[in-house]
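Structural features, examined
Chain residues, written in single-letter form:
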Amino acid sequence: MDLLIDSANLEGIKKIYDIFPVEGVTTNPSILKAAGKEPLSQLKKIRAFIPHGAQLHVQTISKTAENIIKEAEFILGELGDNTYIKIPVFDQGIKAMKILSSRGVNTTATAIYTPMQGFIAGKAGAKYVAPYVNRLDNIGFDGVEVAKNIHDMLERHHLNTKVLAASFKNTQQVLTLCEYGIGSITAAPDVLEQLINHQITSIAIDDFNKDFASLVGEGKTMLDLGKTK
Ligand code: G3P
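Everything numeric in this text was worked out from a predicted model, so none of it was measured. (Residues numbered from 1 in each chain as written. Predicted model: local features only at pLDDT ≥ 70, side-chain atom pairs only at ≥ 80, totals over all residues. Heavy atoms only, no water.)

1. Here's the deal with the pattern of salt bridges
For clarity, the threshold we go by: Any Lys or Arg side-chain nitrogen located within 4 Å of an Asp or Glu carboxyl oxygen qualifies as a salt bridge. Only DSSP runs of H or I with at least four residues qualify as helices, and only runs of E with at least two residues qualify as strands; both kinds are numbered from the N terminus onward. Exposed residues in this analysis have more than 50% of their type's maximum accessible area, buried residues have under 20%, and partly exposed residues fall in between, with area computed by a 1.4 Å probe over protein chains only.
Here the structure, examined in full by the defined rule, presents six salt bridges. For Lys15, the salt bridge identified is with Glu193, shortest N-O distance 3.1 Å. Of the two residues, Lys15 sits in helix 1 (residues 10–19) while Glu193 sits in helix 10 (residues 189–194), which places them 178 residues apart along the sequence. Residue Lys15 is classed as exposed on the basis of its relative accessible area of 53%. Looking at Glu193, the relative accessible area reads 23%, which means it is partly exposed.

And the structure:
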């Protein structure tokens, strides 16, 4: 399962990249607003920081297919290879996805709340489809189930499209999709950090360190052992 960072906060992105094996960064207009910077220069900073082959997903705003395509061309011109054009799944968005993917542009269908939206976007050639897991949970649906349904339909119909599940608020949602074999997820830095943090693990590490210190001295590591020879 690919892991992406759902953020435009450069410090948060750097912190996650330093530790985690991740494939790239996803953004949307609300995420750019939260970063509080001029969007294009912020996106360029993110692109300059992440590895050359990493994905950067950038969303279009326009309401007509014609203008979405123009925005896509502009975004690709500014941000280069491995930039995925995120397009919401409304009628003009699907039309734009169909045209852009026929031209070899990588697109990500976003704001997906139903399995059929995901399926149609896949048929329109989107490389990724992004169901909003937690937002679905919040309106009384089962976001994880919707993501699984889309994953199954894409596989069953042999579409070359992966689920990029988005909108997570807890690690259980991520775990369930990982167990299921979902293609990729994107989550905010705080959710990604929680994937590895556990209080019991911290206690175990402290106990190991105390035992080692009582054996060879405070603050010592294996490296200090060689010095006594
Ligand atoms: O990538 C889509 C995602 O950012 C939506 O997440 O947290 O706003 O529900 P959220």
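After presenting the structure, the write-up continues.
2. Thoughts on the domain arrangement of the protein chain
This is how it is decided: The start and end points of each domain follow an automatic or database-based domain assignment.
Its domain assignment divides the protein chain into domain 1 (2–191) and domain 2 (198–229). Once you take the C-alpha centre of each, domain 1 and domain 2 turn out to be 43 Å apart.

3. Describing the site of the ligand
Defined as follows: Any residue with a heavy atom lying within 4 Å of a molecule or strand is counted as near it. Counting of polar contacts relies on pairs of N or O atoms within 3.5 Å, with two restrictions inside protein: one atom must be capable of donating a hydrogen and the other of accepting it, and residues adjacent in sequence are counted only when both atoms are side-chain atoms. Each accessible area value is a Shrake-Rupley result obtained with a 1.4 Å probe; residue values ignore everything except the protein chains displayed when judging cover. Gly counts as polar in this scheme, as do all residues outside two lists: the nonpolar Ala, Val, Leu, Ile, Met, Phe, Trp, Tyr, Cys and Pro, and the charged Asp, Glu, Lys and Arg.
The local shell around the ligand consists of Asp6, Asn28, Ile31, Lys86, Tyr132, Arg135, Ala166, Ser167 and Lys169. Contact between the ligand and Asp6: an oxygen atom at 2.7 Å from a side-chain N or O atom of the residue. Ser167 places a polar side-chain atom, nitrogen or oxygen, 2.8 Å from an oxygen atom of the ligand. Here the ligand loses 81% of its free accessible area of 310 Å² to cover by the protein chains. Taken together, the residues of the shell around the ligand sort by class into three nonpolar, two polar and four charged.

4. Re the sheet that holds strand 6 (residues 128–131)
Formally: Two strands are said to pair when DSSP picks up at least two bridges between them. Helix axes are fitted to C-alpha atoms over the stretch in contact, other axes to C-alpha atoms as well, and angles between N-to-C directions run from 0 to 180 degrees. Contact between two residues is taken to exist if any of their heavy atoms lie within 4.5 Å; hydrogens are not considered.
One closed barrel holds the eight strands; their spatial order is 1-2-3-4-5-6-7-8, and the pairing between them is parallel. Pairs of neighbouring strands in the sheet enclose a mean axial angle of 25°, with direction left out of account. Note: strand 6 against strand 7 (residues 162–165), two bridges, orientation parallel. Each residue of the ladder has a partner; that of Val129, found in strand 7, is Val163. With respect to the sheet, helix 5 (residues 91–102) is in contact with strand 4 (83–88) and strand 5 (107–112), its orientation differing from that of strand 4 by roughly 150°.

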